[in-house]
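# Fold and geometry: a report
Read off the chains here:
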Amino acid sequence: MISKEFFENVELMAKERGITVEQALEAVREGMIKAYKKATGNPCARVEFKTEKNEILMYSQMLVVSEITEDPEIEMKQITLAEAKAISNRYKVGDIVEQKIDPKKDFGRQAVSTGKQTFNQNVRNSEKANISEYFKNQENEMIDATVIRIDEKGATLQLANNYTTFLPAREILVNDNLTVGERIKVYLVSVEDGTKGPKITVSRSDKNLVIRLMEQSIPEIQDGTIEIMGIARDAGDRSKVAIRSVDPNVDAIGSCVGEKGARINSIVSALNGEKIDLYKFSSVPEELIANSLQPATVLAVIDVDPKAKTSLAIVPDDQLSLAIGKQGQNVRLAVQSCGWKIDIKSESDAKAEGRSF
């Protein structure tokens, strides 16, 4: 059967459904073989596509045997050696006899319907497999999404390839005021295969979203000159990030802030106003702990226990509230981002206890 229109339609359909031409032709192949089985009872046939000639060829397949048996292990239709030799004298037992089939003549309406069902199912399976593979390649990365619906449970997002997923309310930032049509950044947490397509879990509250935004906005992080050593986040309110430069000529804080704050402001904007506190990482525990409590001033860090990773920070009396932060936020984020337990005392309390620093 020769049909240029068939191959043109296959290419068009493949493009529309997001599958390859090879996947589309394989779906056609499976459908034709299923239809042939429905029409004849023989599950074995071969379909060949000669795209350069716009030709579709189909062959029935029969196994040459000395005697026809009811062996359940033999799925292929059997033909005796005598019958095979009537077709061609070259056949011997064990050979496969192929004969051309004309689907238009040999397939009834019911067989064609079965073939169409198989084709459609295979196309859907290819669609799901391709979408799943596409998003699995972006797992643990930041992706773009468009808000298409909002309710009290969360927001429905449109991702690439017109695929949709749901962003639960718990994963939306407290400072987000999402609107339909708004484009946002989300972190792709996981992709799981499902019967109706991949289940894609995304988040705006994951701390890795901040890391990916920094990687995107700051070239020195992209090329490894600046490294993120620790991060803690109260999503939608404040993040605290420890950074260091592996190049002594590159200022880690200045590079991340950017000229007139351009780089850090682009990150803050993507997080709808969430504050980003940056501090310099140090391999010296006293320096690291003091830096982590910024913007508060630290007079001294004492009682450092490397094994238990505990410490005591002494701050000026007027800096105590700032060091602790509202509802303990500053010290909590400091502890989480630097990895040390930090107790805080005011200068007057420390002196009253006779501590030297």
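The structure reproduced in this document is the subject of the present report.

Rules used throughout
Within every chain, residues take consecutive numbers counted from 1 along the sequence as written. Only residues with pLDDT of at least 70 get local features here, since the model is predicted, and only at 80 or more are side-chain atom pairs given and counted; chain-wide, interface and lining totals rely on the full set of residues. Computation of side-chain values: all heavy atoms of the structure, hydrogens and water removed. Under the scheme used here, helices are H or I runs from DSSP no shorter than 4 residues and strands are E runs no shorter than 2 residues, and both carry numbers assigned from the N terminus. Any pair of residues with heavy atoms lying within 4.5 Å of one another is described as a contacting pair. Salt bridge, as used here, is a side-chain nitrogen of Lys or Arg placed within 4 Å of a carboxyl oxygen of Asp or Glu. To sort residues, take the accessible area from a 1.4 Å probe on protein chains only and compare it with the maximum for the residue type: under 20% means buried, over 50% means exposed, and anything in between is partly exposed. By nonpolar core is meant a set of buried Ala, Val, Leu, Ile, Met, Phe, Trp, Tyr and Cys residues that side-chain atoms within 4.5 Å join together. Pairing of aromatic rings covers Phe, Tyr and Trp, the last counted by its six-membered ring, and requires centre-to-centre distances within 6.5 Å; plane angles under 30 degrees mean stacked, over 60 mean edge-to-face, and any other angle means tilted. Two conditions define a charge located above a ring, namely a distance within 6 Å from the ring centre to NZ of Lys or CZ of Arg, and an angle within 35 degrees of the ring normal. Strands were regarded as paired on the criterion that DSSP finds at least two bridges between them. Note on definitions: angles span 0 to 180 degrees between N-to-C directions of axes, and those axes are lines fitted to C-alpha atoms, for helices only across the stretch in contact. For this classification, under 35 degrees means roughly parallel, over 145 means roughly antiparallel, 65 to 115 means roughly perpendicular, and everything else is oblique. Left-handed describes a crossing in which the near helix is turned anticlockwise from the far one by less than a right angle; the clockwise case is right-handed. For this scheme, ten residues count as nonpolar: Ala, Val, Leu, Ile, Met, Phe, Trp, Tyr, Cys and Pro. Four count as charged, namely Asp, Glu, Lys and Arg, and the remainder, Gly too, count as polar.

In this structure, Asn330 sits in helix α12 (residues 329–338). Setting aside residues no more than four positions away along its own chain, Asn330 makes contact with Lys240, Leu293, Gln294, Pro295, Leu322, Ala323, Ile324 and Gly325.

This brings us to the pattern of salt bridges. A complete count under the given rule lists 21 salt bridges for this structure. Close ionic contact of Lys345 with Glu353 constitutes a salt bridge, the shortest N to O distance being 3.0 Å. Exposure remark for Lys345: the relative accessible area of 24% places this residue in the partly exposed category. On the basis of relative accessible area, Glu353 is assigned to the partly exposed category, the value being 44%. Two residues, Glu347 and Lys351, come together in a salt bridge whose shortest N-O distance is 3.2 Å.

Core analysis: the largest hydrophobic core is formed by 22 residues, its most contacted members being Phe6, Val47, Phe49, Ile56 and Met58. Within the residue set of this core, elements represented by two or more residues are α1 (4–17), α2 (21–40), β1 (45–50) and β2 (55–65). Looking at this core, the element that brings in the most residues is α2, giving 8 residues. Once you skip the residues sitting within four places of it in the chain, Phe6 turns out to touch Leu25, Val28, Phe49 and Ile56.

Moving on, we come to the packing of aromatic side chains. Under the counting rule described, the total for this entry stands at 5 aromatic pairs. Taken together, a centroid distance of 4.9 Å and an interplanar angle of 80° make the contact between Phe6 and Phe7 edge-to-face. Each of the two residues, Phe6 as well as Phe7, counts as buried. With a centroid separation of 6.4 Å and 90° between ring planes, the pair formed by Phe7 and Phe49 is classed as edge-to-face. In this pair, Phe7 sits in helix α1 while Phe49 sits in strand β1, placing the two residues 42 residues apart along the sequence. The exposure class of Phe7 is buried, given its relative accessible area of 7%. For Phe49, a relative accessible area of 15% translates into the label buried. An aromatic cluster is present here, built from Phe6, Phe7 and Phe49 joined pairwise through their rings. Sitting above the plane of the Tyr91 ring, Arg90 keeps its charged end 4.4 Å from the centroid.

Further remarks concern the sheet that holds strand β15 (residues 341–346). Spatially, β13-β14-β15 is the arrangement adopted by the 3 strands of the open sheet, whose pairing is mixed. Of all strands in the sheet, those with a lone pairing partner are β13 (300–305) and β15, marking the two edges. Strand-to-strand twist of the sheet, defined as the mean angle between neighbouring strand axes without regard to direction, takes the value 20°. One ladder, built from 4 bridges, connects β13 with strand β14 (residues 310–315); its direction is antiparallel.

With that settled, consider α12. In an α-helix, one full turn covers 3.6 residues, which means residues spaced three or four apart are oriented alike. Of all 10 residues making up α12, 7 are buried, and the element is well covered by its neighbours. Three or more residues of α12 are buried, namely Gln329, Asn330, Val331, Leu333, Ala334, Ser337 and Cys338. Elements that come into contact with the buried residues of α12 comprise β10 (226–234), β11 (238–245), β12 (275–280), α10 (285–292), α11 (320–324) and β15. A positive backbone phi angle near 85° is found at Gly339, which sits one or two residues after α12.

With that settled, the discussion passes to the packing of helix α6 (residues 207–217) against helix α9 (residues 262–270). Orientation of α6 relative to α9, taken along the N-to-C sense of each, is 140°, at an axis distance of 10 Å. What the angle tells us is that α6 and α9 run oblique. Note that α6 runs across α9; the crossing there is right-handed. Across the interface between the two elements, Leu213, Met214 and Ser217 from α6 touch Arg263, Ser266, Ile267 and Ala270 from α9. For the contact of α6 with α9, the per-class residue count stands at 4 nonpolar, 2 polar and 1 charged.

Okay, the sheet that holds strand β9 (residues 199–203) next. Taken in spatial order, the 5 strands of this open sheet run β7-β6-β5-β8-β9, and their pairing is antiparallel. The sheet is open, and its two edges are formed by β7 (164–168) and β9, each paired on a single side. For this sheet the average axis-to-axis angle between neighbouring strands, irrespective of direction, equals 50°. Looking at chain direction, strand β8 (residues 183–192) and β9 are connected through 5 bridges and run antiparallel. Looking at the pairing, Tyr187 lines up with Ser203 of β9.

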